[in-house]
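# Examination of the molecular architecture
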Amino acid sequence: MPKWLEYNRIDTPVHNMQPLVKISLIASCLLLTGLWWDLRYLAILIVIGLTLVLLAKVPLYWFKILGVILLAYLPVTIIGILGQTNPLLFKVYPQSLVRITFAIVHLGVLGSYGVSVGGLLWGAASELKICMILLFTYTFIYSTDFNDIIGLLGNTRFPRQLLFVIMIAYRFVPETIRQIQVIMTALRLRGWELRSRNPKVIVERTVPLISSLLRQSLVTIDEVTLATRIRVFSNQKITAFNYVKPSRLDKGMAFLIIALLALAIAGLVLFNAGNI
Amino acid sequence: MALVEFKNYSFTHLGQVGGKALSNINLKFEEGTTVGILGNAGAGKSTLIKAMGGLAPVEVPGFAEGEILIDGKDSRTLDPMSYSRMVGVVLDNPATQLLGLTVLDDVAFGPSNLGLDVKDIRERVDFALKVTRLKGMEARNPEELSGGQQQSLAIADILAMRPRVLAMDEPVSMLDAEGKDRVLSIIRTLAEEKSTVVITESGLDLESMIKYLDRLIVLNKGEVFLDGKPMDVMADMGLDKIGVGRTQLAELFMKLRGVSEIREIPESIERAAEILSPRISGMRFSNNREVATIPPPGDGASSPAVNVKNLQHMFPPDVHALRGVDVSIARGEIVGLIGQNGSGKTTLCLHLVGVLKPTNPEASIVVCDLNVLKARFHDIIKKINYVFQNPDNQLFQETIMHELTYGLRLQNFDPELIIPEAARVSKEFELDSYVQDDMDALPREVKTILAMASVMTLKPSVLVLDEPANAMDRIRAAWFIDKLKSLNKSTGLTVIVVSHNMELLAKLCTRLIVMTDGKVVLEGETRKVFAQPEKLAEAKVKPPQITQLAQLLSKQGFPNDVLTADEFFNLIHPEVAK
């Protein structure tokens, strides 16, 4: 059963993509999502993101949280929209368009605030970016076996000890999330509730949760330490086993993607391509 | 020369007060033998295994006296690398020992650390996977494996290091019947190949393991109490003094020794049947054994304690955990819920306490007249509550008294009555002697009892217990059974026990519900359910050992629903004594 935010081993073109190529593609898309503000450019990334999500068969229920995130981010977007009434802020969108203002208030030294088409276009891009970050991140998590990343890093000069720490963290993070859910259930069965309007009460109520989680985490750390000691994990010579090297074609594909990214960044810096 | 030798060895844990974990141990472990270490909780079994594996006092802080010789060498002179080639330790919790993200990586982890070349690693991995029957699962994530497979993988991890001694700490204690069979078959293979294996056991799974042992050592309060051939140890009256239970077969044959010329204590059901078969031929057996009377749910003066209708639950995207479950439990019943891991038992129980909601609108769940699907959580927990398998999930405070008062404080109980009520519960559950102890220092079985006591402060009418006897030895399990029965009798508490321990269920429950694949496939009075081995086999469940023996003899007219050694003995002893 694919759990929320966990990799699922299924046979899709995205799952089967060479990790080096996949990492290059998704990292490039995420970077451009951060850099581009022009809705026309972002539309290209949305098409790529949706295609990847559909091809990877990311469960739709993962996106249930999207509404909550967008809503939570909405105040920031609204403040941004209200603050962008000055048409001169926009260098690419037609001035005739961004100048259209629906309401404006002048607050002296604090500047002018209101709703303009320019601000709305910025706001739309801002909320869209959140959707896109989710699209790319979900695709990556759902379709990428962490072993592949470990394998890639293991193939480089990345310190194996550090790699092991990352591996252990990855191995136990989902476990810890599940643990928190179980402890919260156990607490509720004693009459506990986290919800309160008083932040002080919320903090007080998290104490037993943290205390129980901490106690169990310490036990887990002890046991993992014993397990690594039994299997003589130390600084001595270690054989790199089962690390898959990317083929020439994979390296070529990754290079091509990074070259396109470089081109896009150059376009943005030199010609404002993607800017608003 | 012994592979491992303890010479006047003692060990005291850091901060331990009142005695030593191990005291003056003198033991030799010879090559090619399978040795069992038996003892109650706190007897020193795990410490012995950790000392043998070089983990105590290096990773387990404490003070050691005396010496351990590994292949004649003082263990203190061995570096971890050399140690790992001599003794490999499998700990009791497989989940925290699996460090790789695939089965292949996990097994290769140890050999890689030994700096072997890739070809050697591959050979060792292949060998370990073959012995543990994990071939074909190389690419799977260890987290996705069943409990039995995870424990097999933990064994494979150590086998790949090729140690000369394999030491396992309670390797089957956390597994269901199928998982136990899987791990026991590995132990059998290792025993047949004359590997050197040391296994600890608290007693509850002794009967499934004893036939593979060449030698059995009993520890008591850190000292060697008995040491000998397994069946000789089982026959030793000293076991009664320290309260370490025997297998049901040993219990029966010890009784028969007293009234007949039978001297042998058989190690397997088949051998027991061979011994008894000629002696019972031609006998007529009484059928007047005690059969529990089950109050008809909702048919009497009161409504049922639990009434579930058409309960379905689907985990996204398409896992049917429950497929239309109908269950009715009368007030005051003690019901056992059995089935393989993943059969839906825990999912069903989590619905009863309102933690999970059905995924079909037609479902109905009523507990003591309260519609759980519409009720507030605060109201539900006063009617029904749940004790988790791992007590650490349910303990949130620093001391026992804080823990016992916590639920009452959250329920806005009268402040003046909170302390007296907690003190009463502490006394009732015999926790008073631990009141001063730090929560972390409590033995696991005490934590389980504390978790149950903390929930009982809320006085629920129905209590759900998930694998309550997992960490308990036979003495504590017997105490626990008596406690539940007395609570049931004095307060009318309805109890639902989820467990893989059939002996416990046979002694405790009036009725059993068997689940497979999200459905109830069999239910009825305990005796009648255990008398249907074919149906139980479909659910991958085995009846208690003594019931299995009765069923082997049933062709000769022997009742196939005997639940305890006492019952068995009472049926045959007048004739066998002749």
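Residue numbers restart at each chain and count upward from 1, following the sequence in its written direction. To label them, take the chains in the order written and letter them from A, then take the ligands in the order written and number them from 1. Reporting of local features is limited, given that this is a predicted model, to residues whose pLDDT is at least 70; pairs of side-chain atoms are given and counted only at 80 or more, and all residues count toward the totals for whole chains, interfaces and linings.

Put simply, DSSP marks the helices as runs of H or I at least four residues long and the strands as runs of E at least two long, and each gets a number from the N terminus on. Helix and strand counts for chain B stand at 22 helices and 20 strands. In terms of principal-axis extent, the alpha carbons of chain B reach across some 75 × 60 × 50 Å. Partly exposed residues are those whose C-beta has more than 12 but fewer than 20 other C-beta atoms within 10 Å; with 20 or more the residue is buried, with 12 or fewer it is exposed, and the C-beta atoms are placed from the backbone. Within chain B, buried positions represent 53% of all 578 residues. Two residues form a contact once the distance between their C-beta atoms, set from the backbone, is within 7 Å. In chain B, 68% of the contacts between residues at least 6 apart in sequence involve partners at least 24 apart.

Across its full length, chain A carries ten helices and two strands. When the helices and strands of chain A are read in sequence order from the N terminus, they spell out α-α-α-α-α-β-β-α-α-α-α-α. Our radius of gyration looks at C-alpha atoms and nothing else; its globule reference is 2.2 Å times the residue count to the power 0.38. Here the C-alpha radius of gyration of chain A, 24 Å, is well above what a compact globule of 276 residues would show, namely 19 Å. Considered along the principal axes of its C-alpha atoms, chain A spans approximately 70 × 60 × 35 Å.

Mapped onto the secondary structure, B:Asp466 falls in strand β17 (residues 462-466). Aside from chain neighbours lying at most four places away, what touches B:Asp466 is B:Thr346, B:Cys349, B:Val387, B:Phe388, B:Gln389 and B:Val498.

What follows deals with helix α1 (residues 45-52) of chain B. Residues and elements named next belong to chain B. Most of α1 sits out of view: eight of its eight residues are buried. Residues of α1 that are buried include every one of Lys45, Ser46, Thr47, Leu48, Ile49, Lys50, Ala51 and Met52, and no others. Once α1 finishes, Gly54 follows within two positions and takes phi at roughly 75°, a positive value.

Here the focus is the interface of chain A and chain B. Counting residues at the interface gives 44 residues for chain A, matched by 53 residues for chain B. Listing elements by their share of the side of chain A that touches chain B, those giving two or more residues are α7 (146-154), α8 (160-188) and α9 (199-230) of chain A. No other element matches α9(A), which puts 14 residues into the side of chain A that touches chain B. In terms of residue class, the side of chain A that touches chain B is made up of 23 nonpolar, 13 polar and eight charged. All amino acids are sorted into three groups, where Ala, Val, Leu, Ile, Met, Phe, Trp, Tyr, Cys and Pro are nonpolar, Asp, Glu, Lys and Arg are charged, and the leftover types, Gly among them, are polar.

Along its sequence, chain A is carved into domain 1 (13-146 + 246-271) and domain 2 (156-230). How far each domain reaches was decided by an automatic or database domain assignment. Taking the mean C-alpha position of each, domain 1 of chain A and domain 2 of chain A sit 33 Å from one another.

What follows deals with the packing of α7(A) against α8(A). Residues and elements named next belong to chain A. An axis is simply a line fitted to the C-alpha atoms; with a helix, the fit covers only the stretch in contact. Between two such axes, the angle follows the N-to-C directions and lies from 0 to 180 degrees. It is the contact of α7 with α8, at a shortest axis distance of 11 Å, that shows an interaxial angle of 175°. As judged from the angle between their axes, α7 and α8 are roughly antiparallel. Two secondary-structure elements touch here, α7 through Phe146, Ile150, Leu153 and Gly154 and α8 through Leu163, Met167 and Tyr170. For the contact of α7 with α8, the per-class residue count stands at six nonpolar, one polar and no charged. Orientation labels follow simple angle bins: below 35 degrees gives roughly parallel, above 145 gives roughly antiparallel, 65 to 115 gives roughly perpendicular, and whatever is left gives oblique.

Residue and element names in this part refer to chain B. In spatial order, the strands read β6-β7-β8-β3-β9-β10; together these six strands make up an open sheet with mixed pairing. At either end of the open sheet lies a strand with only one pairing partner, and these are β6 (87-90) and β10 (223-228). The mean angle between the axes of side-by-side strands here comes to 20°, regardless of whether they run parallel or antiparallel. At least two bridges found by DSSP between two strands are what make those strands a pair. Alignment of strand β9 (residues 215-220) against β10, held across five bridges, turns out to be antiparallel. Across the sheet, residue Leu219 finds its bridge partner in β10, namely Val224. Along the sheet, α1 contacts β3 (34-38), β6, β7 (165-168), β8 (196-201) and β9; its crossing angle with β8, the most-contacted strand, is approximately 150°.

Residue and element names in this part refer to chain B. The strand order across the open sheet built from four strands is β12-β11-β14-β15, with neighbouring strands paired in antiparallel fashion. A single partner strand is all that each edge strand has here, and the edge strands are β12 (319-329) and β15 (370-371). Relative to β12, strand β11 (residues 306-315) runs antiparallel, the two sharing eight bridges. Considered in β12, the bridge of Asn307 is made with Ser328.

What follows is about the nonpolar core. To define a nonpolar core, we join buried Ala, Val, Leu, Ile, Met, Phe, Trp, Tyr and Cys residues through C-beta atoms within 7 Å and take the resulting set. Formed by 193 residues in total, the largest nonpolar core has its most connected members in B:Val198 and B:Val464. When residues in this core are grouped by element, the largest group, eight residues, is from helix α16 (residues 444-456) of chain B. Counting 33 residues, the second-largest nonpolar core is a separate cluster that includes A:Phe136, A:Tyr138, A:Ala254 and A:Ile276.

Another point: unusual backbone geometry. Residues and elements named next belong to chain B. In this structure, the amide linkage connecting Ala56 to the following residue, Pro57, adopts the cis form with an omega of 5°. You can see Pro57 is positioned in the loop between α1 and β4 (62-70). Even without glycine at this site, Arg133 takes up a positive phi of about 55°. With respect to the helices, strands and loops of the structure, Arg133 is situated in the loop between α4 (118-131) and α5 (147-159).

By the burial criterion, the buried members of α7(A) are A:Asn147, A:Asp148, A:Ile149, A:Ile150 and A:Gly151. Looking at the buried side of α7(A), the elements it contacts are α2 (19-35) and α8 of chain A together with α3 (103-113) of chain B.

Our focus in this paragraph is the pairing of strand β1 (residues 4-13) of chain B. Of the pairings in the sheet, the one linking β1(B) to β4(B) comprises eight bridges and is antiparallel in character. Bridging from a neighbouring strand, B:Phe6 pairs with B:Ile68 of β4(B).

Here the focus is the domain arrangement of chain B. Residues and elements named next belong to chain B. Along its sequence, chain B is carved into domain 1 (4-243), domain 2 (247-289 + 544-578) and domain 3 (306-530). Just the C-alpha atoms count here: the centres of domain 1 and domain 2 sit 34 Å apart. Contacts between domain 1 and domain 2 engage eight residues on the former and nine residues on the latter. Secondary-structure elements contributing two or more residues to the side of domain 1 that touches domain 2 are α7 (206-209) and α8 (230-235). With four residues, α8 is the single largest residue contributor to the side of domain 1 that touches domain 2. Taken together, the residues that form the side of domain 1 that touches domain 2 break down as six nonpolar, no polar and two charged.

Let's shift gears to the packing of α3(B) against α5(B). Residues and elements named next belong to chain B. At their nearest, the axes of α3 and α5 sit 7 Å apart, and the two run at 35° to each other. α3 and α5 meet at a crossing whose hand is right-handed. Each of Val103, Asp106, Val107, Phe109 and Gly110 in α3 lies in contact with α5, whose residues at this interface are Leu153, Ala156 and Asp157. The class makeup of the residues in the contact of α3 with α5 is five nonpolar, one polar and two charged. Crossing handedness: left-handed means the near helix sits turned counterclockwise from the far one by under a right angle, and right-handed means the same turn made clockwise.

What follows concerns the environment of A:Ala27. Residue and element names in this part refer to chain A. Within the secondary structure layout, Ala27 lies in helix α2. Owing to 15 C-beta atoms within 10 Å, Ala27 belongs among the partly exposed residues under this scheme. Each C-alpha atom of the pair Ala27 and Thr137 lies 9.3 Å from the other, and the pair is 110 residues apart in sequence.

Attention now moves to the confidence of the model for chain B. Along the chain, pLDDT gives the predictor's confidence residue by residue, from 0 to 100. In this model, chain B carries an average pLDDT of 89, and 96% of its residues clear a pLDDT of 70 or more. Interface predicted TM-score (ipTM) for the complex: 0.83; the corresponding pTM is 0.79.

So, on to the pairing of strand β20 (residues 519-525) of chain B. Residues and elements named next belong to chain B. Strand direction decides the pairing type here: strand β19 (residues 511-516) and β20, joined by six bridges, are antiparallel. Following the sheet pairing, Leu512 is matched in β20 by Gly524. Where β19 folds back on β20, the antiparallel hairpin that results is connected by two residues, among which Asp517 adopts a positive phi of roughly 50°.

All names here are of chain B. The residue Leu14 is located in the loop between β1 and β2 (22-29) in this model. With 400 residues separating them along the chain, Leu14 and Asp414 place their C-alpha atoms 41 Å apart. In this view, Leu14 contacts Pro61 and Gly62; residues no more than four positions away in its chain are not counted.

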